[in-house]
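Each chain is listed here by its residues.
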Amino acid sequence: ELKVEQNPLFLSMQEGKNYTIYCNYSTTSDRLYWYRQDPGKSLESLFVLLSNGAVKQEGRLMASLDTKARLSTLHITAAVHDLSATYFCAVGRSNFGNEKLTFGTGTRLTIIP
Amino acid sequence: DTGVSQDPRHKITKRGQNVTFRCDPISEHNRLYWYRQTLGQGPEFLTYFQNEAQLEKSRLLSDRFSAERPKGSFSTLEIQRTEQGDSAMYLCASSWSHSETQYFGPGTRLLVL
């Protein structure tokens, strides 16, 4: 059974600081997704990583994928308050042409002014 | 707005009642997914449609749950004889192909009293 673990589960950081969220998964996959969720809202897609060594950046967020280590990271540079949210990674597995996503438990990020 | 829509957004029901939720995916997407999210957890996969065919169901989907996508467009998720443990956010997502981003709707929050 595929397991996806994120750490830390909770992260409180000051504005302007850098930090990294880690996503480990237990079985082989070369598709990794990052989503953001604001309280009471649905999930917003941030990144899709489709191969080993993939790196994508958008603003202050950068995601990378190492399929050999079964590890993805989400790096936050010079955090600002607007980045406060819960971040989920999800691993894709294909059955019947389906991209069944298995999500981690999420990292609740709070940016302190 | 061409995003994924769900109706209703909130539903309160008494234990033992039946409820039905609707999802309208992005119009050109042929893949449609249902997930369930409980408080403090990541979404869990429930079922998947490719066009009108339901190709995979999770073990989480007990006999009380049924989903349809009769014309390959909108989908419905029905829960019969609701239980308090069914209280959750039910999320619908759609995508164009198996390795592309799944776009999530706003969700239906169900509370079973």
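Our subject is the structure that appears above.
Trainee: What should I look at first to understand the pairing of strand β8 (residues 75–79) of chain B in this one?
Mentor: For a regular strand, side-chain orientation follows a simple rule: the groups alternate between the two sheet faces. Residue and element names in this part refer to chain B. Burial analysis of β8 places four of its five residues in the buried class, which makes it a mostly covered element. Bridge analysis of strand β3 (residues 19–24) against β8 gives five bridges, and the strand direction is antiparallel. Opposite Thr 20, over in β8, you have Glu 78 as the bridge partner. Pairing analysis gives four bridges linking strand β7 (residues 65–68) to β8, with the strands arranged antiparallel. Paired with Ser 66 across the strands is Glu 78, a residue of β8. Here β7 folds back onto β8, and the loop between the two strands holds six residues, one of which, Gly 72, carries a positive phi near 75°.

Trainee: Got a minute to help me understand the nonpolar core in this structure?
Mentor: One finds Leu32(A), Trp34(A), Leu74(A) and Tyr87(A) to be the most contacted residues of the largest nonpolar core, which totals 25 residues. Looking at this core, the elements that each hand over two or more residues are β2 (10–14), β3 (19–25), β4 (32–37), β5 (43–49), β7 (61–66), β8 (71–76), β9 (85–95) and β11 (107–112) of chain A. In terms of residue count, β9(A) provides more of this core than any other element does, four residues in total. If you look at the next biggest cluster of nonpolar residues, it comprises 19 residues, including Val19(B), Leu32(B), Leu77(B) and Ile79(B).

Trainee: Explain the pattern of salt bridges here, please?
Mentor: Close approach of charged atoms lets side chains of opposite charge pair. On inspection of all chains with the given rule, the structure shows five salt bridges over all chains. The residue Glu56(B) makes a salt bridge to Lys100(A) at a minimum N-O spacing of 3.7 Å. With one member in each of two chains, Glu56(B) in strand β6 (residues 53–57) and Lys100(A) in strand β10 (residues 98–103) form a pair that bridges those chains. Ionic pairing is found between Asp24(B) and Arg22(B), a salt bridge with its closest N-O pair at 2.7 Å.

Trainee: Is there a simple way to think about the pairing of β3(B) in this case?
Mentor: Residues and elements named next belong to chain B. Here β3 shows one buried face, formed by Val 19, Phe 21 and Cys 23, and one open face, formed by Thr 20, Arg 22 and Asp 24. Taken together, the three bridges between strand β1 (residues 5–7) and β3 define a ladder with antiparallel strand orientation. Residue pairing for β3: Asp 7 is matched across the bridge by Arg 22.

Trainee: Help me understand unusual backbone geometry, please; the structure alone is not making it clear to me.
Mentor: Looking along the chain, the bond that leaves Asn7(A) and enters Pro8(A) is cis, with omega of 0°. Mapped onto the elements, Pro8(A) comes out in the loop between β1 (4–7) and β2. Residue Pro8(B) is reached from Asp7(B) by a cis peptide bond, and omega for that bond is -5°. Among the secondary structure elements, Pro8(B) is positioned in the loop between β1 and β2 (10–13).

Trainee: How should I be thinking about the interface of chain A and chain B in this particular structure?
Mentor: Frequently, the measure chosen for interface size is the accessible area that the parts lose on association. The partner chain B presents 24 residues to the 22 residues of chain A that form the contact. Taken together, the two surfaces of chain A and chain B that pack against each other cover about 1,800 Å², and 52% of this comes from carbon and sulfur. Run the count over chain A and chain B and you get one salt bridge. Linking chain A to chain B there are four residue pairs in polar contact (both at pLDDT 80 or more). Listing elements by their share of the side of chain A that touches chain B, those giving two or more residues are β4, β5, β9 and β10 of chain A.

Trainee: Mind showing me how you'd approach the state of the cysteines here?
Mentor: In a disulfide, the sulfur atoms of two cysteines are held together by a covalent bond. Scanning all chains against the criterion turns up two disulfides over all chains. Put simply, Cys23(A) and Cys89(A) are joined by a disulfide, and their sulfur atoms are 2.0 Å apart. Between Cys23(A) and Cys89(A) the sulfur-sulfur dihedral comes to about 80°; the bridge is accordingly right-handed. Taken together, the residues span a long stretch of sequence, with Cys23(A) in strand β3 and Cys89(A) in strand β9 at a distance of 66 residues. A single burial state applies to Cys23(A) and to Cys89(A), both of which are buried. In this model, Cys23(B) is linked to Cys92(B) through a disulfide, with the two sulfur atoms separated by 1.8 Å. Residues Cys23(B) and Cys92(B) are joined through a disulfide that is left-handed, its torsion about the S-S bond being -65°.

What counts, and where the lines are drawn
Residues numbered from 1 in each chain as written. Chains lettered and ligands numbered in written order. Predicted model: local features only at pLDDT ≥ 70, side-chain atom pairs only at ≥ 80, totals over all residues. Heavy atoms only, no water. Buried < 20%, exposed > 50% of the residue type's maximum accessible area, 1.4 Å probe, protein only. Helix = DSSP H or I, 4+ residues; strand = E, 2+ residues; numbered from the N terminus. Pairing = 2+ DSSP bridges. Core = buried A, V, L, I, M, F, W, Y, C linked by side-chain atoms within 4.5 Å. Salt bridge = Lys/Arg side-chain N within 4 Å of Asp/Glu carboxyl O. Contact = heavy atoms within 4.5 Å. Buried area = accessible area lost by both parts, 1.4 Å probe. Polar contact = N/O pair within 3.5 Å; in protein donor to acceptor, adjacent residues only side chain to side chain. Disulfide = S-S within 2.5 Å.

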